[in-house]
Amino acid sequence: MNMLIIYTHPNHQSLSYAFLQKVIAGSRENAAIDEIQVLDLYEENFNPVLVFNEYKRRRDMKNDPALQKYREQLLWADKIVLVYPIWWGRPPAMLMGYIDQMFASGFAYRDKGGLLPEGLLKRKSVVCVSSMKGPAHYPLLWLNNAHKVLMRKALFNYVGIKKVKFFEFGSMESKRGRHDQKLNKVYRYFQKV
């Protein structure tokens, strides 16, 4: 299995970075994982801004040469792992900009003229590892699970990815946030996935 890890946090001293390190460490001990690539969107200086004008059209985004290496990474990966914080109830703008550009028509899905498109990224799976300041049940009780609905239904199911797992950790800025326990849970999962 080939694994692409997409890390989205501007600070390498963050808890998100600690989760990234646990994902990598656990995956390296997993015999089922052949190769790992890490894409750090901030370190990469990924430009999340969509630009459409008379020279750059949305319908041509699937062929944008500036995004070719990222398309190749997504096609190469059997498992895509996203590591990010939840800010204002959703992933960071940097990650959303990546999603806006990468999951383009003609690459990630194809319109069939009906209600739903044909997903072109079938047989892949996704794991989302996210953390937030608020309590663990905040997204479910206050936001109607908007984060998971966005990621699972509006994005991944739409492009054909049906296997989506979430590690959504709350109260992470609290001294009682049980950081080590949560970090080890992620580490153990990736040892065996």
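The paragraphs below set out a description of the structure included in this document. In this text, all values refer to a predicted model and were calculated from it rather than measured experimentally. (Residues numbered from 1 in each chain as written. Predicted model: local features only at pLDDT ≥ 70, side-chain atom pairs only at ≥ 80, totals over all residues. Heavy atoms only, no water.)

## Examining helix α5 (residues 146-157)
Argument step 1. Of the positions making up α5, those classed as buried are His147, Met151, Leu155 and Phe156. Take α5 and look down its axis: the buried residues cluster within an arc of 75°, on one side only. Looking at α5, the residues exposed on the side facing more than 90 degrees away from the buried face are Lys153 and Ala154.
Argument step 2. In this structure, the buried residues of α5 make contact with β3 (79-85), α3 (93-102), β6 (125-131) and β7 (163-169). (Buried < 20%, exposed > 50% of the residue type's maximum accessible area, 1.4 Å probe, protein only. Helix = DSSP H or I, 4+ residues; strand = E, 2+ residues; numbered from the N terminus. Arc of directions from axis to C-beta. Contact = heavy atoms within 4.5 Å.)

## Side note on the pairing of strand β2 (residues 35-40)
Argument step 1. Here strand β1 (residues 2-7) runs beside β2; their pairing, made up of 6 bridges, is parallel. Paired with tyrosine 7 across the strands is aspartate 40, a residue of β2.
Argument step 2. For the handedness criterion, the β-α-β arrangement of β1, helix α1 (residues 15-28) and β2 is classed as right-handed. (Pairing = 2+ DSSP bridges. Right-handed = clockwise from strand over helix to strand, strands pointing away.)

## A closer look at the sheet that holds β7
Argument step 1. In spatial order, the strands read β2-β1-β3-β6-β7; together these 5 strands make up an open sheet with parallel pairing. Of all strands in the sheet, those with a lone pairing partner are β2 and β7, marking the two edges. Going from strand to strand, the sheet's axes swing by 15° on average, the running direction of each strand aside.
Argument step 2. Direction of pairing for β6 relative to β7: parallel, over a ladder of 7 bridges. (Axes fitted to C-alpha atoms, helices over the stretch in contact; angles between N-to-C directions.)

## Quick notes on empty space enclosed by the protein
Argument step 1. Counted according to the given criterion, the structure contains 1 cavity of 30 Å³ or more.
Argument step 2. Of the pockets and cavities examined, the largest cavity occupies roughly 40 Å³.
Argument step 3. As for the largest cavity, its lining consists of Ile6, Leu74, Ile80, Leu82, Leu95, Tyr98, Ile99, Phe103 and Phe156.
Argument step 4. Taken together, the elements giving at least two residues each to the lining of the largest cavity come down to β3 and α3.
Argument step 5. Per-class residue counts for the lining of the largest cavity are 9 nonpolar, no polar and no charged. (1 Å grid on protein atoms, 1.4 Å probe; cavity = no way out; pocket = protein on both sides within 12 Å on 5 of 7 lines; lining within 4 Å. Points joined across faces, edges and corners; volume = space filled by probe spheres on them. Nonpolar A, V, L, I, M, F, W, Y, C, P; charged D, E, K, R; others polar.)

## Notes on the layout of surface pockets
Argument step 1. By volume, the second largest pocket is sized at about 240 Å³.
Argument step 2. If you go around the second largest pocket, you meet 15 residues; those closest to its centre are Arg58, Asp100, Phe103, Ala104 and Tyr109.
Argument step 3. Counting residues per element, the ones that place at least two in the lining of the second largest pocket are α3 and α5.
Argument step 4. Grouping the constituent residues of the lining of the second largest pocket by class yields 10 nonpolar, 1 polar and 4 charged.

## Thoughts on the nonpolar core
Argument step 1. Residues Ile6, Leu82, Tyr98, Phe103, Met151 and Phe156 are the most contacted members of the largest nonpolar core, which totals 36 residues.
Argument step 2. Among the secondary structure elements, those contributing two or more residues to this core are β1, α2 (68-76), β3, α3, β6, α5 and β7.
Argument step 3. Looking at which element gives the most residues to this core, the answer is α3, with 6 residues.
Argument step 4. For methionine 151, the residues in contact, after removing those within four places along its chain, are Leu82, Tyr84, Pro91, Ile99, Cys128, Phe156 and Phe166.
Argument step 5. Formed by 17 residues, the second largest nonpolar core is a distinct cluster that contains Phe19, Ile24, Phe169 and Val186. (Core = buried A, V, L, I, M, F, W, Y, C linked by side-chain atoms within 4.5 Å.)

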